[in-house]
Every structure is written in C-alpha cells, then in structure tokens.
Amino acid sequence: MVKVYLDHVTKIFPPRTVAVDDVTLEIPEGELVGLLGPSGCGKTTTLRIIAGLEKPTKGRVYFDDEDVTGKEPRERNVAMVFQFPILYPTVSVYENIALPLRAEKMPEDEVRREVNRIAELMGIKEYLGMKPGRLDIGVRQKVALAKALIRDPSIFILDEPLTVIDPKMRVELRTKLKQIQLDLGKSMIYVTHDQAEALTLAERIAVMKDGKILQYDVPERLYDRPSNSFVGWFIGNPGMNLIECSASVEGGCLVMTNENGFRYSIEGVGEIKVPGKVVFGIRPEYVKVEEGGDAMRATCIHVEHAGNRQILHLQFYGESLKAKVPLGVRVSPGDTVPVKFVAEKIRIFDPSTGNLIL
Ligand SMILES: Nc1ncnc2c1ncn2[C@@H]1O[C@H](COP(=O)(O)OP(=O)(O)OP(=O)(O)O)[C@@H](O)[C@H]1O
Ligand SMILES: [Mg+2]
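Here the structure is a predicted model, which is why all the values come from computation and not from measurement. Position numbers for residues count from 1 along each chain, tracking the sequence in the order it is written. Whichever chain is written first is A, and whichever ligand is written first is 1; the rest continue in order. Restriction of local features to residues with pLDDT of at least 70 applies here, the model being predicted, together with a cutoff of 80 or more for giving and counting side-chain atom pairs; totals for whole chains, interfaces and linings are based on all residues.

J.: Please give an account of the domain arrangement of the protein chain that cites residues and values.
T.: What fixes the domain bounds is an automatic or database domain assignment. Once the domains are mapped, the protein chain shows domain 1 (4–233) and domain 2 (234–349). For domain 1 and domain 2, the distance between their C-alpha centroids amounts to 38 Å. By the convention adopted here, residues make contact when the C-beta atoms placed from their backbones lie within 7 Å. Opposite the ten residues of domain 1 that make contact, domain 2 presents ten residues. Contributing elements (two or more residues each) for the side of domain 1 that touches domain 2: α8 (219–224) and α9 (229–234). Of the residues forming the side of domain 1 that touches domain 2, the biggest block, five residues, is contributed by α9. Looking at the side of domain 1 that touches domain 2, its residues break down into seven nonpolar, three polar and no charged. Put simply, DSSP H or I for four residues or longer makes a helix, DSSP E for two residues or longer makes a strand, and each gets a number counted from the N terminus. Ten residues, namely Ala, Val, Leu, Ile, Met, Phe, Trp, Tyr, Cys and Pro, are considered nonpolar, four, namely Asp, Glu, Lys and Arg, are considered charged, and the remaining ones, Gly among them, are considered polar.

Put into structure tokens, the structure is as follows:
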C-alpha cells in the first residue's frame, strides 16, 4: 500500500476543457477516500491520472515519495474497477479472477484457494464455471470487483462500481466492500455521485465541482461546516437551504435582508467585513416550525414524507425553504406556519465564490 499525493494537478483536454483544475490531494495509506461530485466535474479524469491512464497537463503525482508522473499504468500496480465490468469473455469466471494471480506466478493450489475465498466473499461461487457473457451485469461487476480485490496493488481505484447493480444488492455490496477494505487495510479511492454511498464508505471525502476540490474533509465536517455553499447544498438530503440577501454590519451585528421582507440579524460578529450581498445557509433539519417571540412566517406548498420525518416545502419571503420536521408536526399545503432557525447552525457564504464567511 502507498500514500498517493496529487500535487497541483491540472488536466486540459484540447482545445480548452479544463477537466481537472489545480487539484492537490493526499490519499493516506490504508484509508478509503471518497471522491464525490456532479457529472462532468472531473472525477474519472482524476482517477485515470492516478492510474497513469492520463498524463496531467501540469502538476505531479507521487506514490509515497516517488514521482510516478511519467510512469506507465503497469508500473504503478493500481487495481481499477470501472462503472461497467471489463472481463475476458472467452474464459470462465474462475479464470478471469485467477488471471492476476497467475501473472504473479502463484502456485496453482494457492490460486484455487484464493479464488474460492474471494468468490465466497462476493457471493459468486456458483458462477465460477460459467463464461461472463451468460451472466447479468450485476454479477459480472461482482466478478470484476473480485478480480481487483484478489490482487495486492498499491491502491484500489473504484469508479462508480455499484451503479449497474440493483439498489438492494448495492447496499449489501457497499457494506461488503467497506468490510474488505477494513480487513485488508488497503488504500482505496472511491468515486461516486451518490452521497449516501460516499458517506457510508469513506473516512474522508473530496467534493469536486468544475475540476476543483472544494472541500476535503471527514463526513461530519462536510455536513456541519461546509466550506463552500455548493458543498452545503450537495451534501445532505435535502441539501442546505440557501437564501441570497443584502448584508451590512452595524455595531458588531450582521443584518441580512431581502426585498420581500426577510430580515435576520446575527449579533456579536465583531468588525467583520462582508460583501454587500451574502448567502444565508441553513440545513432543513435546523429549520424549526415553532411559535415563539422571534418566529417568522412561511406558507406551506407541499408536504413530502421521508421515513420517520417529513419535509415541508415552504414559501418564505419570496424564496423556497425546506424544513425537515418530526411526523407529529401537523401541517397541510396552504397553511401559514411559524419558522425559526437554530442560530448556531446558520452559515454565511460569499455569493461570488461560494466560500464560507461565518
Ligand atoms: N478524453 C476526453 N477528451 C475530451 N474531454 C474529456 C475527455 N474525458 C473527459 N473529458 C471532459 O472532461 C470533463 C470531466 O470529465 P470526467 O469524465 O472526468 O467527469 P466525471 O466527474 O467522471 O463525470 P461522470 O460523473 O459523468 O462520470 C468533462 O467536461 C468531460 O466532457
Ligand atoms: Mg466519471
């Protein structure tokens, strides 16, 4: 296992697609790191650069202290699993899985033992004698995972490996992958655009947008202290409410207003400098539908049931606002409801950069 380090890596596809934009990222040895972001943000390109399948336009790639930027994929010993399984169609599942071990010249009885062990683990023993072409895509993907996991590579790279697997099996396989990674203590980088997958698997997650890493942090901090409004909106179900408003600081008090009558103040901010406009951020979990002296008003548009909670879609001073509230809160579309915010959970962002101000 190695520590992987990307040092100011940029990848430009001619003529001018900046797929990866000045990314610096360390994947510590033995850790499972998630790479999360919307379609086209540069996740696959970043992985391909680590694997050596793409050369960066600028920047260096290190495995431990060795600069591998110029090295070919086969010299890097990276095990990759892609969104769609890549297997040899003409040989059996057994032979497909055994191939990497044969390449390492492992004795035949050991190969048999290892293939059986991993097949058992992935739940694909019954398919060992079959050719991949006869199997459905989910099983083939499990074979591809088995083939990668049986090796002892420098790092595992998984690019949305569970997307083709049906939802129920996906959750099961996700748990299995996490177990395997913990058991083996292998470095793994796992790409997904499914945040639930990233949050359950990864110890640390890099959130990407437009080729850039906006935040690289543990899940709790991505949730509680997003350093950028995009991270706040992207992480969470539903994501953070974001309300753009005018802002001014008067005597250590940040006053935010909008033209539809929204007004909210935060005291004790000191002499901070804020731009004329800010983005007020609050997670739906911290929007309370409660009466009280400082309660504001909103109109309920729609009530969405979400397991043991309900999500209220509210119209709030010309903005839409979501509140995640207990089932006991009785609200119907058309109702006017009181709204309060959990003050310490409010986050303020700069609208031009998205960066956290407060
Ligand atoms: N070989 C290529 N030639 C030209 N442009 C490319 C190439 N590969 C990727 N791109 C572009 O680079 C950007 C990043 O692509 P990439 O595949 O890395 O995104 P992604 O985050 O993996 O997206 P997805 O979630 O859809 O898989 C996109 O704009 C894409 O169109
Ligand atoms: Mg991709």
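Back to the text.
J.: Quick one: what's the story with the packing of helix α3 (residues 93–103) against helix α5 (residues 137–149), residue by residue and with numbers?
T.: Fitted lines through C-alpha atoms give the axes, limited to the stretch in contact for helices. The angle between two N-to-C directions lies from 0 to 180 degrees. Taken N-terminus to C-terminus, the directions of α3 and α5 make an angle of 25°; their axes are 7 Å apart at the nearest point. On the basis of their axis angle, the class for α3 and α5 is roughly parallel. The interaxial crossing formed by α3 with α5 has right-handed handedness. Touching V93, N96, I97 and P100 of α3 are V143, A146 and K147, all from α5. Looking at side-chain class alone, the contact of α3 with α5 contains five nonpolar, one polar and one charged residues. Orientation categories follow fixed angle ranges, with anything under 35 degrees roughly parallel, anything over 145 roughly antiparallel, 65 to 115 roughly perpendicular, and all other angles oblique. Here is the rule for handedness: rotate from the far helix to the near one, and if that takes an anticlockwise turn smaller than a right angle the crossing is left-handed, while a clockwise turn gives right-handed.

J.: So what's going on with the pairing of strand β10 (residues 212–217)? Which residues, and what values?
T.: One requirement defines pairing of two strands: DSSP has to find at least two bridges between them. Relative to β10, strand β9 (residues 204–209) runs antiparallel, the two sharing five bridges. Residue M208 lies in a different strand from β10, and its bridge partner there is I213.

J.: Describe the nonpolar core, naming the residues involved and giving the relevant values.
T.: Structurally, a nonpolar core is described as a collection of buried Ala, Val, Leu, Ile, Met, Phe, Trp, Tyr and Cys residues joined by way of C-beta atoms within 7 Å. Buried means a residue has 20 or more other C-beta atoms within 10 Å of its own C-beta, exposed means 12 or fewer, and partly exposed covers the counts in between; C-beta atoms are placed from the backbone. In this structure, I97, A146, I157, I189, Y190 and V207 are the most contacted members of the largest nonpolar core, which totals 68 residues. Considering each element in turn, this core owes the most residues, seven residues, to α5. If sequence neighbours within four positions are ignored, I157 has contacts with L47, I50, A51, V78, M80 and I189. Core analysis: the second largest hydrophobic core is formed by 23 residues, M240, V278, L314 and F349 among them.

J.: Describe the site of ligand 1, with residues and values.
T.: Near ligand 1 the following residues occur: F13, T17, A19, G37, S39, G40, C41, G42, K43, T44, T45 and H193. Top contributing element to the shell around ligand 1 by residue count: helix α1 (residues 43–51), with three residues. Residue composition of the shell around ligand 1, by class: three nonpolar, eight polar and one charged. Only the C-beta atom matters for this test: placed from the backbone, it must lie within 6 Å of a molecule or strand for the residue to be near it.

J.: With reference to specific residues and values, describe unusual backbone geometry.
T.: Cis geometry is adopted by the peptide bond preceding P15, which originates at P14 and carries an omega value of 0°. For H8, which is not glycine, the phi dihedral falls at a positive 50°. For H8, the position within the fold is in strand β1 (residues 4–13). With 12 C-beta atoms counted inside 10 Å, the residue H8 sits in the exposed group.

J.: Lay out the sheet that holds strand β20 (residues 347–349) in plain terms, naming residues and giving numbers.
T.: The sheet built from five strands is open, its strands ordered β13-β12-β11-β14-β20 with antiparallel pairing. Strand pairing shows two members of the sheet lacking a second neighbour, β13 (263–266) and β20, which therefore form its edges. Taking the axes of each pair of neighbouring strands and ignoring which way they run, one obtains an average angle of 35° across the sheet. Where strand β12 (residues 253–257) lies against β13, four bridges are found, and the strand directions are antiparallel. When the sheet's bridge partners are listed, L254 is paired in β13 with I266.

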